[in-house]
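# Descriptive structure summary
Here's the letter readout for the chains.
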Amino acid sequence: MGKKRKHSETEVVAPPKKDMSAAERPKRTLLGWKDKNEEVNKESDSTVFRNKEKVLVTCSRRINFRYRHLMLNVVSLLPHCKKDNKVESKASKGATLNELVELKGGSSCLFFECRKHKDLYLWMAKCPNGPSVKF
C-alpha cells in the first residue's frame, strides 16, 4: 500500500478569476456623456447657456388627423414644450392664447389652426406682448 496524502496537498489552487462584470457606463447628461474620470469645473458649468423658455403647443377644434400628427411631431422636436387641449378659435384668439400661456407658465405659443378641414395655419407668438407670426 502506498502512502496516503493529506487533503491540503491534493487541492489545486484555482487561478484568480477575472472580473466578469461589465464596466460602468458613463453618466448621461443634457449636454452629452460624462465620464467619471473626467473632472468638470463648476465655473464652466455656470457659464453654459441653458434655454429654459417653455413653449405652449395647442390646436383648434375639428383638426384633421394629418395635422394632429404634424403637431405631435413638432412637439417631439421641441425640448421645452407643453401640449395643451384644443382651443375654440371663434373667440378672440390673442387674449385666449395669452391667458393659456400665462396659466401654463410658458413664454411662447404655437397654435395650429385648421379652417374648412383643408387649410392649416400656424400661429407663432411671444407672449404676452411679443410679436406674432402666421404661416
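A brief look at the structure comes next.

Conventions we followed
- Here, residues in each chain are numbered from 1, in the same order as that chain's written sequence.
- Thresholds applied to this predicted model are a pLDDT of at least 70 for local features of residues and 80 or more for the giving and counting of side-chain atom pairs; totals over whole chains, interfaces and linings are not thresholded and use all residues.
- Neither water nor hydrogens contribute to the side-chain values; these are computed over all heavy atoms in the structure.
- Numbering of helices and strands starts at the N terminus; helices are DSSP runs of H or I of at least 4 residues and strands are runs of E of at least 2.
- Throughout, exposure labels follow a simple rule: accessible area from a 1.4 Å probe, protein chains only, divided by the maximum for the residue type, with under 20% read as buried, over 50% as exposed, and the rest as partly exposed.
- DSSP bridges decide pairing: two strands pair if at least two such bridges lie between them.
- For the purposes of these results, a polar contact is taken to be a pair of N or O atoms within 3.5 Å, where, inside protein, one atom must be able to donate a hydrogen and its partner to accept one; residues adjacent in sequence count only when each atom of the pair is a side-chain atom.
- Here the expected span of a helix is defined as 1.5 Å times the quantity of residues minus one.
- Arc definition: it is the arc formed by the directions from the helix axis to the C-beta atoms.
- By definition, residues are in contact when any of their heavy atoms lie within 4.5 Å.

Secondary-structure assignment places glycine 105 in the loop between α4 (93-104) and β5 (108-115). On the accessibility criterion, glycine 105 (44% relative accessible area) is partly exposed. Separated by 51 residues in the primary sequence, glycine 105 and lysine 54 place their C-alpha atoms 7.3 Å from one another.

By the criterion of burial, strand β3 (residues 55-59) is predominantly enclosed, with five of the five residues buried. Alternating positions in β3 separate into two faces, Val55, Val57 and Cys59 on one and Leu56 and Thr58 on the other, with burial throughout. Bridge count for β3 against strand β4 (residues 81-83) is three bridges, and the pairing is parallel. What sits directly across from valine 55, in β4, is cysteine 81. In this structure, β3 lies alongside β5, joined through five bridges in parallel fashion. Of the residues in β5, the one forming a bridge with leucine 56 is cysteine 109.

By the secondary structure assignment, glutamate 113 is in strand β5. Within the local environment of glutamate 113, its side chain forms a polar contact with the side chain of arginine 115, the two groups lying 3.3 Å apart.

Attention now goes to α4. Its twelve residues place the ends of α4 16 Å apart at the C-alpha level, agreeing with the 16 Å of an ideal helix rising 1.5 Å per residue. Of the residues making up α4, those classed as buried are Leu97, Leu100 and Val101. Take α4 and look down its axis: the buried residues cluster within an arc of 100°, on one side only. Structural note: α4 exposes Glu99, Glu102 and Leu103 on the side pointing more than 90 degrees away from its buried face. Residues of α4 that are buried make contact with β3 and β5. Positive backbone phi, approximately 75°, marks glycine 105, located one or two places after α4.

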